[in-house]
Amino acid sequence: MAGSQMQLGRARQAEVADRVAAKVADVLKADATFESGSVALSARIAGAAAAAIVDLPVSARRELSRRQGELARRIRGLVEAFSDAPDGGKIALEIPQGVEPSSGEGLGKIVTAEEGERLLGELAVARRLEDWAGPVAGASELQRDFGIARSTLNRWQHAGEVIALLKGTKKHVYPIEQFIDGRPAKGIGAIGSLVPNQRVAWLWLCQPNPMLGGRRPIDLLKQDRADEVIDAAQTYFAAQ
């Protein structure tokens, strides 16, 4: 009886692996940038992962789903480890007998610092902070509309628990969307520690993220799902 159950389990794993592998292969074949060898390998890897996951307890599968960022990072590390093998990752190249010399075009005309700033100014496009950051408010507005005291806001800012964007030369404003129940969403400080640049941190938080199923990190933080967002942020920023 035990042997029959084991065979049934293996058959189920193989069936799931085949279905996932076929689906991945179909998707990748639709992308002309993938070669057939890459398609087959990616499909086999996906199938193997599916076979390993299918018989896990429900609690383990939920934990994997919650920690997708870490899972993706570990799978990538495992795959990259193969390229470190003594004979792995080497590609044989056909070296031509003769190489045509080329001097290139050089750096072009060197301009003065003033001219360089003028040329850069022509390329720069003025954009209001609210156009990309969404609604923002200063300390006075937050105290008036949300009851957040200035002293509390200053404490949050010095502790790195709130996103503060510089508007103009001196004034800081705060994206309103980061607040829930009169305080910053849990996890804002952790993201800030990974991404010291406040503008980059907020831009990352308020844009749809493929690692989070196309959802915006800030929305998940406000749903008390900080662990998922932090895992994803570590994948993006920890190695930088």
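By convention here, each chain's residues receive numbers from 1 onward along its written sequence. pLDDT decides what is reported in this predicted model: residues at 70 or higher carry local features, side-chain atom pairs at 80 or more are listed and counted, and totals for whole chains, interfaces and linings draw on all residues regardless. Think of the side-chain values as coming from all heavy atoms in the structure, minus any hydrogens and water.

Remarks on the overall build of the protein
What counts as a helix is a DSSP run of H or I of at least four residues, what counts as a strand is a run of E of at least two, and both are numbered from the N terminus. A count of helices and strands for the protein gives 12 helices and five strands. The 240 residues of the protein split such that 27% are buried. Here's how the labels work: a residue is buried when its accessible area is under 20% of the maximum for its type, exposed when over 50%, partly exposed in between, all with a 1.4 Å probe on protein chains only.

Concerning the sheet that holds strand 2 (residues 165–167)
Spatial ordering of the open sheet is given by 1-3-2, a layout of three strands whose pairing is antiparallel. For this open sheet the edge positions go to strand 1 (136–137) and strand 2, each flanked by a neighbour on one side alone. In this description, strands pair whenever DSSP reports at least two bridges between them.

A closer look at the nonpolar core
Counting 26 residues, the largest nonpolar core has L165, I191, W202, W204, L205, L221 and V229 as its most contacted members. At the level of elements, helix 6 (129–133), helix 9 (188–194), helix 10 (198–205), helix 11 (217–221) and helix 12 (226–237) are the ones that each hand at least two residues to this core. With six residues, helix 12 is the largest single contributor of residues to this core. Any two residues whose heavy atoms approach within 4.5 Å are treated as being in contact. Discounting chain neighbours no more than four positions away, the residues touching L221 are A185, K186, G187, I188, L205, A226 and V229. Definition of nonpolar core: a set of buried residues of the types Ala, Val, Leu, Ile, Met, Phe, Trp, Tyr and Cys, connected through side-chain atoms within 4.5 Å.

With respect to the packing of aromatic side chains
Any pair of Phe, Tyr and Trp rings, taking the six-membered ring for Trp, is counted once the centres come within 6.5 Å. Such a pair is stacked with planes under 30 degrees apart, edge-to-face with planes over 60 apart, and tilted for the rest. In this structure the tally under the stated criterion is four aromatic pairs. Measuring from ring centre to ring centre gives 5.8 Å for W204 and Y236, while their planes differ by 65°; the resulting arrangement is edge-to-face. Pair noted here: W204 is in helix 10 and Y236 is in helix 12, with a separation of 32 residues, a long-range link. Aromatic rings pair up to connect W204, Y236 and F237 into one cluster.

Section: the pairing of strand 3 (residues 171–175)
Across two bridges, strand 1 lies against strand 3 in antiparallel orientation. Across the sheet, V136 pairs through a bridge with P175, a residue of strand 3. Sheet topology note: the strand 2/strand 3 ladder contains three bridges and is antiparallel. Paired with K167 across the two strands is K171, which belongs to strand 3.

A word on the confidence of the model for the protein
Scored from 0 to 100, pLDDT reflects the predictor's confidence in each residue. In this model, the protein carries a mean pLDDT of 78, and residues with pLDDT of at least 70 account for 68%. Predicted confidence in the protein is weakest over helix 1 (residues 2–29), with a mean pLDDT of 61, and strongest over helix 11, with 95.

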